[in-house]
Amino acid sequence: MIKLDKIWKVYDTGKIKVEALRGIDLEIKAGEFVSIVGASGSGKSTMMNILGCLDRPTNGKYKLNGNYIEGLDEDELARIRNKNVGFIFQTFNLVPRVTAFHNVELPLIYSRVKASERERRVTIALERVGLSDRMTHKPNELSGGQKQRVAIARALVNNPSIILADEPTGNLDSETTIEIMEIFKKLNASGATVIIVTHEMEIAAITNRQITFKDGKIISDKLNNCRNYEV
Amino acid sequence: MNFIESIKIALKALWINKMRSLLTMLGIIIGISSVITVVALGNGTKGAVNSEFDNYGASSIYIFNRYSEEIYQEDLITNRDYEVLGRIFEKQIEAKSAIINYSGVTNKINDVKKDINLDVNGVGNEYDKVINFELISGRFLSKQDIVSRKNVAVIEKELAIEKFGKEDVLGEKLSIKRNDEVKTFIIVGIYEPPKSLLPAMGERAKVVYIPTTTAGRVLNLSDQIYFMQFSLKKDVDAENVIMQMINVLERKHKNIDQNKFQGESAEGQLEIINKVMKILTSVVGAIAAISLIVGGIGIMNIMLVSVTERTREIGIRKAIGATRKDILIQFLIEAIVISGIGGVIGTAIGIILSKIVSHFIKIPATTGILVIIIATLFSTMVGIAAGMYPANKAAKLDPIDALRYE
Ligand SMILES: Nc1ncnc2c1ncn2[C@@H]1O[C@H](COP(=O)(O)OP(=O)(O)OP(=O)(O)O)[C@@H](O)[C@H]1O
Ligand SMILES: [Mg+2]
């Protein structure tokens, strides 16, 4: 479902060229639960942005669900982000000043789902992350963990095949982290491909496959023996 | 994203910055409300003036001596002139009247010291056909009255009520004082003047009609008359008739090209008034257009600020699947909603303002639905024009850059 072939990402900031990704080859199958670890600046976020079609590689081929991304135009990428990918950020990235409900509703609005159907699906999504009682709260009225749940609900509301989470628990305490990870586990169990970037080895250990980045390259890619995460 | 959804989102965004939105709308509000006010008062005045002229017969013309020092005895218009013109232009003339007017006073019947100002008009027996005349009771002046210089009068209803305290005063005596000379007339007719839509300035003198001949004698005129008024048949060119009549008079008085006579047509006056109104309306319209443009620039400015402020939000929206078009429409609609609401508020204020102004300066105001539609369309267009650039700027943002924006 995801196939990367010699992916390069070079940031050209004028004076210096930063090679954030240097020839990544990677294949992730549907239904996998993957973690990406590595030192700061090793290119994890860059990689995630390319996987989520937010950014384009400088070089190389990216095949997602059978389509090569290189050949798609902006609107087609927007459509993929809307339908096939659910993105979760470390900083939550909720639209400020509108309710949790409206935040979760947005992807459905952009895919032109009817209002009644939207309401049904938003309600279900918020139930899945355990936030049914916070629908009308605005982001600044929610705790960090709650905000991230809203973000997760928004990511899953359009039933994407891939969930990408870039350090989703980076701003959360350990207890909340466990709760959030539980949600990802359930999501994966229900069929979604989940890819999580993290600094915490305990979190990486929860996933089934752990990929390690260093200086824009994959230096290790191994399967975990499904240990349970305990405090 | 559908249209109603976009409007809802735009309203939400505007509501968050209530004060700012209102201030942004100000230019549009001022522009639209002044357009509505001016157009309403302009249309109202125009309508009133036009119907006023309808009352007095739009196709009537006046001939009189030019007001000037250089008018000598031999230049004065006479009854003979009047009769000659009447004969020559018989085919063009529907009705005609010579007019000699002066002002006088009469007193209230039960309060002798209270004077009533009178506008005494010596007219011919056809005068009731020259203007729109509505007789309530009695009769108008007859040919016999004119020929035998009878002391009879047709008065307006208001005068009857003011002087006698009642409407039915046929056969009563009306004494008119002029320069300490008092003449008494028998009232033979009472009429109602057409309702004027235009306000009267101050206390209006009450109108009395008496025979021209009688008026001539009161003023000690041998054969002179002051005005000639002709109502013309349909499709007769008033200006042309005036020219020809003046030609005849000049030949007869042997003062060709000396500018002793003047003619005016009601149509010509109407045209002048309408022209003035038009110029006035376009001047104020131009000012209003400028304030709308300034309003539009204000909207553009605030939209640019808004796009910058909400760069991250735009990034988020793009990250979860908003296309360029979605973002473009969102910001464009926001601009249109600002200008549209501004337009609606401006229209409301304009209507209220024109009513208030109309009340104080006593000029009628008419707000047509067309003006409102045009104003609304115009403010919407201002919104589109002002919103296009900022919205396009927002739409073109790269999602990653936008998300990284601090
Ligand atoms: N827009 C950019 N312009 C220039 N350089 C960039 C840009 N974005 C990222 N980089 C560089 O690319 C490299 C990889 O960055 P990336 O954000 O992918 O790291 P990361 O692994 O996610 O790090 P962290 O764990 O701190 O989030 C870094 O050296 C960074 O400085
Ligand atoms: Mg990162």
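Our subject in this report is the structure included herewith.

1. A short note on the sheet that holds strand 6 (residues 85-88) of chain A
Residue and element names in this part refer to chain A. Here we have six strands laid out as an open sheet, ordered 6-7-8-3-9-10, and mixed in their pairing. Only two strands of the sheet have a single partner each, and these edge strands are strand 6 and strand 10 (217-223). In this sheet, adjacent strand axes meet at a mean angle of 15 degrees when their direction is disregarded. Both strand 3 (residues 33-38) and strand 9 (residues 209-214) contribute to a ladder of five bridges, which runs parallel. Its bridge partner lying in strand 9, G38 is registered against F213. Here helix 5 (residues 144-156) sits on the sheet in contact with strand 6 and strand 7 (162-166), set at roughly 170 degrees to strand 6.

2. Some points on the packing of aromatic side chains
Residues and elements named next belong to chain B. Under the defined criterion, the tally for this structure stands at 10 aromatic pairs over all chains. Between Y191 and Y209, the aromatic rings sit 5.5 Å apart at their centres with planes inclined by 45 degrees, giving tilted as the arrangement. Linking Y191 in strand 7 (residues 181-192) with Y209 in strand 8 (residues 206-211), this pair joins segments that are 18 residues apart in sequence. Looking at Y191, the relative accessible area reads 4%, which means it is buried. By way of ring pairs, the aromatic residues Y127, F133, F140, Y191 and Y209 are connected into one cluster. One residue, K163, lies across the ring of F164, its end atom 5.5 Å from the ring centre.

3. Focus: the sheet that holds strand 4 (residues 59-64) of chain A
Strand pairing in a sheet relies on backbone hydrogen bonds. The paired strands run either parallel or antiparallel. Residues and elements named next belong to chain A. If you trace the four strands from one edge of the open sheet to the other, you get 2-1-4-5, paired in antiparallel fashion. This sheet does not close on itself; its edge strands, each paired only once, are strand 2 (17-28) and strand 5 (67-68). Two elements, strand 1 (residues 2-12) and strand 2, share nine bridges in a ladder whose sense is antiparallel. Residue pairing for strand 2: K9 is matched across the bridge by L21. Against the sheet, helix 1 (residues 44-51) touches strand 1, strand 2 and strand 4, its axis set at about 120 degrees to strand 1.

4. Comments concerning helix 3 (residues 100-110) of chain A
When you tally the buried positions in helix 3 of chain A, you get 11 out of 11 residues, the bulk of the element. For helix 3 of chain A, the set of buried residues is A:A100, A:F101, A:H102, A:N103, A:V104, A:E105, A:L106, A:P107, A:L108, A:I109 and A:Y110. Summarising the contacts, the buried residues of helix 3 of chain A are in contact with helix 2 (74-83), helix 4 (115-128) and helix 5 of chain A together with helix 1 (3-16), helix 10 (311-319) and helix 11 (324-361) of chain B. Taken from the residues just after helix 3 of chain A, A:R112 is the one with a positive phi, measuring 55 degrees.

Criteria and cut-off values
- Residues numbered from 1 in each chain as written.
- Chains lettered and ligands numbered in written order.
- Predicted model: local features only at pLDDT ≥ 70, side-chain atom pairs only at ≥ 80, totals over all residues.
- Heavy atoms only, no water.
- Pairing = 2+ DSSP bridges.
- Helix = DSSP H or I, 4+ residues; strand = E, 2+ residues; numbered from the N terminus.
- Axes fitted to C-alpha atoms, helices over the stretch in contact; angles between N-to-C directions.
- Contact = heavy atoms within 4.5 Å.
- Phe/Tyr/Trp six-rings, centres within 6.5 Å; stacked < 30°, edge-to-face > 60°.
- Buried < 20%, exposed > 50% of the residue type's maximum accessible area, 1.4 Å probe, protein only.
- Lys NZ or Arg CZ within 6 Å of the ring centre and 35° of its normal.

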